[in-house]
Amino acid sequence: MENTDDGAAGHLLEAEEIVKRFGDFTANDRVSLRLRPGEIHALLGENGAGKSTLVKIIYGSLQPTAGRLRWHGEAVTVPSPAAARALGIGMVFQHFSLFDALTVVENIALAVPGRFDREALAGRVARVSEEYGLPLDPTALVADLPVGVRQRIEVVRCLLQEPCLLIMDEPTAVLTPQEARQLFVTLRRLADEGCAVLYISHRLEEVRELCHRATILRHGRVVAQVDPGAETAGSLARLMVGADVQSVCVAAREPSGVAALTVTRLSLPAAGAFGVPLRNLSLEVRGGEVTAVAGVAGNGQSELFEVLSGERPAPTPESVTIAGEPCGSRDITERRRLGAAFVPEERLGHSAVPGFGLGENVLLTRHASGDGLVRTGFINGGRTRALAARVTKRFDVRFSRQDQEANALSGGNLQKFVVGRELDRKPRILVINQPTWGVDAGAAALIRQALVDRAREGAAVLVISQDLDEIFEIADRIAVISRGVLSDTFAADGIDRERIGMLMAGAHEASPGPARDPRT
Amino acid sequence: MNGLEAVLLTIITASTPLLLAAVGELVTERSGVLNLGVEGMMIMGAVTGFAAAHTTGSAAVGVAAAIATGVAMALLFAFLTQTLAANQMATGLALTLFGIGLSGLIGQSFTGLPGVKLGAVYLPWLSDLPLVGPVLFAQDVLVYASVAITAAVAWMFKRTRSGLVIRAVGSNHHSAHALGYDVAGVRYRCIAFGGACAGLAGAYLSLVYTPQWIENMAAGRGWIALALVVFATWSPNRVAVGAYLFGTVWIMGLYAQAIGVAIAPQFLASLPYLVTIAALLAISGNRTLTKVNTPACIGQTFVPDR
């Protein structure tokens, strides 16, 4: 990171020796980064490597502990996002910074300074969205829009300010492959017009395809700056993780077992104003296989999980069966007694109680699964702790002291713990929602391997995931959910990403259930 | 004719303090803050308004004192919940208990003293019209203020950037913060506005409704105002409808008792609640509108990561 080549004049943004500490944790340790106009620059790193902290500093949401920023060669401080926008820095957030209860144009108005004139702004939105091929209805309510369109709002909101630098934080995590490709077209066009793009992603293939340069962060430090086109996905992953990432080993498949979990013509009204109704869902999960439900987040995955686990009752007992028993109106404990186990999406607060120790958290899902943890209402502390120790040992959960609280564990370790807690029972049926969401590569590989192994031991494993790479890595059969409608189930080797992308965008919605306005 | 006029006048008198307090709380809640201290701010406004008016002999000074007290109470709440990130429910309840207690203490020496009544505004020609004259055009300034504030709040949410920012902060404080809005600052101002309105409602009680100090004279009106905001699904116009509906049914019940209608008085006393809830539920049936108006972040503490 020496001062080399063409001097400061050619650079749009220079971050020099940025340090950011939160308490005694150093999120950024003397990080330097340079961007030229027209460059698409990838920022790579695992979760917790410090990518988000760095871009928040550039965008003015955080102030650096030390170091400085130069903009067009001039030293600047960016005290607030509004100041960043005034400089010409736009940002599209990973978890969108949109307001569900407001319309598209109101959302955009919040980021555009000047007089508040809805009509004039709607006109400008229409012009920009047409120019860049990003269709938007300015009067639509954000809550009613699919995720891909929501991201379009964020992009258009940035474009309206004619940015010189556009920061994109994991933009494709929520997009179908087709939507991602459309986004790349827009980004390339912006770069050709001289706009720099700082692109955060952990999808290495797309970084290789799109980006001109890549800066790789590990534990808050810059470990390399490379030309991603000249690297392989494997070599980039090595740089990110600092070691080889084990790929999942999938054993040959046994002949399919019987259907251990079935859903039959299940319809469920939306819970709450922002929920998704399930429409005429049918699904069969067989023993010995991993079945995956793909789909962009927020298309009914949580609702499906809730009705499978018993958090919400199904309309008829027969619409959900577990091990042949009609279970639609049974509660989660009864379903667990039938050999089923469930791992919800949200680790902290749903899978585990943040302030409880690991032993107490083990008890929460295992109290009635025949391990003798509870006798006539009294908790057997010794057994509970022993079980927690067994899970942490077998699934390599790292913690600093015995019976640590769940919220003191890192995301990856906690996820290994909550998955391990269920797998330790050797469940005959396992339903897991977003098994590796926001988990580092090492933990993700371990979890995926454990899921595949459990399936090969004869269990029926249902994985609900929005990560297509993960699905293709472990699934034997794939179905796609879109706006509460589930597609047919396909053999994983008989379907490609293109087709899945079309299904994610709702290609199958017309046939079952009452169709709503089709998406473009 | 005279009877109708009297009924209409009492309905307006009964509804105005509810409307004032509710519209203030509505703004607070739209910014994502639930302040359960309305009752406490109102009663404190009533006692300080009365005390100031009695001491100076000027109702206007009383009104100003009531507003100032309401704002001061609200800022205390804001400091605890926004700056110190205390739990909003607990803080709001404490504010109400504190207000009721402290107002009793302050009011001790004022009990039974003659009050100063805020005079009606006389509008030439308009006030002389039959029926509508005395009912609509010979009211005191606070009645006009309640209507004007409600209209202004409705207009603000619909048409202005400030209204949009308040809705944004109440809808998603994380996003608002990411975009660079000062979430706590916006909320401070909305809470203070709610306090001012509650103080004003209190002033109305002790300077117009019954121009004297009676201990605990707010008598649960703050709680009714809180309920009105929710049942009106955070719409200013519907809050106005609700406040007047409540006032109407309440007064009708009193008249019914006075003329000896054979209905149990307990039932008549509960009727305003039932009718208002039923009516507001019926007009809030539109799910999209409810979705747009409900502040999703209500009651949640927000601490930005700095």
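Residues numbered from 1 in each chain as written. Chains lettered and ligands numbered in written order. Predicted model: local features only at pLDDT ≥ 70, side-chain atom pairs only at ≥ 80, totals over all residues. Heavy atoms only, no water.

**Student:** Kindly report on the packing of aromatic side chains, identifying the contributing residues and their values.
**Tutor:** Tallied over the full model, the rule gives six aromatic pairs over all chains. Judged by centre distance (5.7 Å) and plane angle (75 degrees), the ring pair of tyrosine 59 of chain A and phenylalanine 93 of chain A falls under edge-to-face. Remark: phenylalanine 93 of chain A occurs in the loop between β6 (89–92) and α3 (104–109) and tyrosine 59 of chain A occurs in the loop between α1 (51–58) and β4 (66–71); sequence separation between them is 34 residues. On the basis of relative accessibility, which here comes to 2%, the residue tyrosine 59 of chain A falls in the buried class. Take phenylalanine 93 of chain A: its relative accessible area is 9%, and that puts it in the buried class. Look at phenylalanine 246 of chain B and tryptophan 250 of chain B: their rings are 6.0 Å apart centre to centre, the planes differ by 70 degrees, and that puts the pair in the edge-to-face class. Of the two residues, phenylalanine 246 of chain B and tryptophan 250 of chain B both sit in helix α11 (residues 236–258), four residues apart, roughly one turn of that helix. By relative accessible area, phenylalanine 246 of chain B is classed as buried at 3%. The partly exposed category is assigned to tryptophan 250 of chain B, whose relative accessible area is 23%. Here the aromatic cluster, defined as three or more aromatic residues joined through ring pairs, consists of Phe246, Trp250 and Tyr273 of chain B. (Phe/Tyr/Trp six-rings, centres within 6.5 Å; stacked < 30°, edge-to-face > 60°. Helix = DSSP H or I, 4+ residues; strand = E, 2+ residues; numbered from the N terminus. Buried < 20%, exposed > 50% of the residue type's maximum accessible area, 1.4 Å probe, protein only.)

**Student:** Describe in detail the interface of chain B and chain A, supporting the description with residues and values.
**Tutor:** Between chain B and chain A, the residue contacts involve 23 residues of the former and 35 residues of the latter. Buried surface at the junction of chain B and chain A, summed over both partners, amounts to about 2300 Å²; 55% is from carbon and sulfur atoms. Counting across the interface, chain B meets chain A through one salt bridge. The salt bridge partner of arginine 167 of chain B is glutamate 106 of chain A, with a shortest N-O separation of 3.1 Å. The set of elements that each furnish at least two residues to the side of chain B that touches chain A consists of α6 (141–159), α7 (161–171), α8 (173–178) and α13 (287–293) of chain B. When residues in the side of chain B that touches chain A are grouped by element, the largest group, six residues, is from α7 of chain B. For the side of chain B that touches chain A, the class distribution of residues is eight nonpolar, seven polar and eight charged. (Contact = heavy atoms within 4.5 Å. Buried area = accessible area lost by both parts, 1.4 Å probe. Salt bridge = Lys/Arg side-chain N within 4 Å of Asp/Glu carboxyl O. Nonpolar A, V, L, I, M, F, W, Y, C, P; charged D, E, K, R; others polar.)

**Student:** How would you sum up the domain arrangement of chain A? Please name residues and give values.
**Tutor:** Residues and elements named next belong to chain A. Split into domains, chain A comes out as domain 1 (13–241), domain 2 (257–339 + 427–520) and domain 3 (348–426). Measuring from the centre of the C-alpha atoms in domain 2 to the corresponding centre in domain 3 gives 25 Å. Residue-level contacts link 19 residues of domain 2 with 16 residues of domain 3. Here domain 2 and domain 3 share an interface that buries about 1400 Å² over both sides, 65% of which is from carbon and sulfur atoms. The largest share of the area that domain 2 buries against domain 3 comes from Arg336, Pro427 and Leu446, three residues that together contribute 36% of it. Linking domain 2 with domain 3 are zero salt bridges, by the criterion used here. Between the two partners, domain 2 and domain 3, sit four residue pairs in polar contact (both at pLDDT 80 or more). Broken down by secondary-structure element, the contributors of at least two residues to the side of domain 2 that touches domain 3 are α10 (332–337), β19 (429–433) and α14 (441–456). The element that contributes the greatest number of residues to the side of domain 2 that touches domain 3 is α14, accounting for five residues. In the side of domain 2 that touches domain 3, the residues fall into nine nonpolar, three polar and seven charged. (Domains from an automatic or database assignment. Polar contact = N/O pair within 3.5 Å; in protein donor to acceptor, adjacent residues only side chain to side chain.)

**Student:** Describe in detail the packing of helix α11 (residues 358–366) of chain A against helix α12 (residues 381–394) of chain A, supporting the description with residues and values.
**Tutor:** Residue and element names in this part refer to chain A. It is at 8 Å that the axes of α11 and α12 come closest, and there the two elements cross at 95 degrees. With respect to each other, α11 and α12 are oriented roughly perpendicular. Seen from α11, the contacting residues are Leu358, Gly359, Glu360, Val362, Leu363 and Arg366; seen from α12, they are Thr384, Leu387, Ala388, Arg390 and Thr392. When the residues that make up the contact of α11 with α12 are grouped by side-chain class, the tally is five nonpolar, three polar and three charged. (Axes fitted to C-alpha atoms, helices over the stretch in contact; angles between N-to-C directions. Parallel < 35°, antiparallel > 145°, perpendicular 65-115°, else oblique.)

**Student:** For the sheet that holds strand β5 (residues 74–76) of chain A, give the residues involved together with the corresponding values.
**Tutor:** In a beta sheet, neighbouring strands are held together by backbone hydrogen bonds and run either parallel or antiparallel to one another. Residue and element names in this part refer to chain A. Ordered in space as β2-β1-β4-β5, the four strands form an open sheet in which the pairing is antiparallel. Edge positions in the sheet fall to β2 (25–35) and β5, since each of these pairs with one other strand and no more. Here the strands of the sheet are splayed against their neighbours by 30 degrees on average, with no regard to which way each runs. Strand contacts of α1: β1 (13–22), β2 and β4, with the helix running at about 60 degrees to β2, the strand carrying the most contacts. (Pairing = 2+ DSSP bridges.)

**Student:** Which residues make up the side chain of serine 32 of chain A, and what values do they have?
**Tutor:** Mapping serine 32 of chain A onto the fold places it in strand β2. Within the local environment of serine 32 of chain A, its side chain forms a polar contact with the backbone nitrogen of glutamate 17 of chain A, the two atoms lying 3.0 Å apart.

**Student:** Report on the sheet that holds strand β8 (residues 196–200) of chain A, specifying residues and quantitative values.
**Tutor:** All names here are of chain A. Taken in spatial order, the six strands line up as β6-β7-β8-β3-β9-β10 in an open sheet, and their pairing is mixed. Bordering the open sheet on either side are β6 and β10 (221–226), each of which pairs with just one other strand. Taken over all neighbouring pairs, the strand axes of this sheet differ in orientation by 20 degrees on average, direction set aside. Pairing of strand β7 (residues 165–169) with β8 involves five bridges; the strand directions are parallel. Bridge pairing in β8 places aspartate 169 opposite isoleucine 200. On the sheet, helix α8 (residues 233–241) packs against β3 (40–44), β9 (213–218) and β10 and is oriented at approximately 35 degrees with respect to β9.

**Student:** Lay out the side chain of serine 319 of chain A with the relevant residues and their values.
**Tutor:** With respect to the helices and strands, serine 319 of chain A occurs in the loop between α9 (301–309) and β14 (320–322). Not counting the four nearest positions on each side in its chain, serine 319 of chain A is found in contact with Thr262, Val263, Thr264, Leu266 and Ala314 of chain A.

**Student:** Provide a residue-level description of the packing of α6 of chain B against α7 of chain B, including the pertinent values.
**Tutor:** Residue and element names in this part refer to chain B. Running from N to C, α6 and α7 cross one another at 80 degrees; their axes reach a closest spacing of 5 Å. Between α6 and α7, the interaxial angle falls into the category roughly perpendicular. Facing Met156, Phe157 and Arg159 of α6, the residues of α7 in contact are Arg161, Gly163, Ile166 and Arg167. For the contact of α6 with α7, a count of residues per class yields three nonpolar, one polar and three charged.

**Student:** For the confidence of the model for chain B, give the residues involved together with the corresponding values.
**Tutor:** Per-chain confidence: chain B averages 91 in pLDDT, with 97% of residues scoring 70 or above. At the level of chain-chain contacts, confidence expressed as ipTM amounts to 0.85, with global pTM at 0.76. (pLDDT = per-residue confidence, 0-100.)

**Student:** Before we move on, can you summarise a nonpolar patch on the surface with the specific residues and values?
**Tutor:** Residue and element names in this part refer to chain B. Residues Ile259, Val261, Ile263, Phe267 and Leu274 make up a contiguous nonpolar surface patch of roughly 470 Å² in combined accessible area. Assignment of secondary structure puts isoleucine 263 in the loop between α11 and α12 (265–283). Look at isoleucine 263 and you get partly exposed, because its relative accessible area is 37%. (Patch = residues over 30% accessible without salt bridge, like charges linked within 9 Å, V, L, I, M, F, W, Y side chains within 5 Å. Areas by Shrake-Rupley, 256 points an atom, 1.4 Å probe, with all protein chains shown as cover.)

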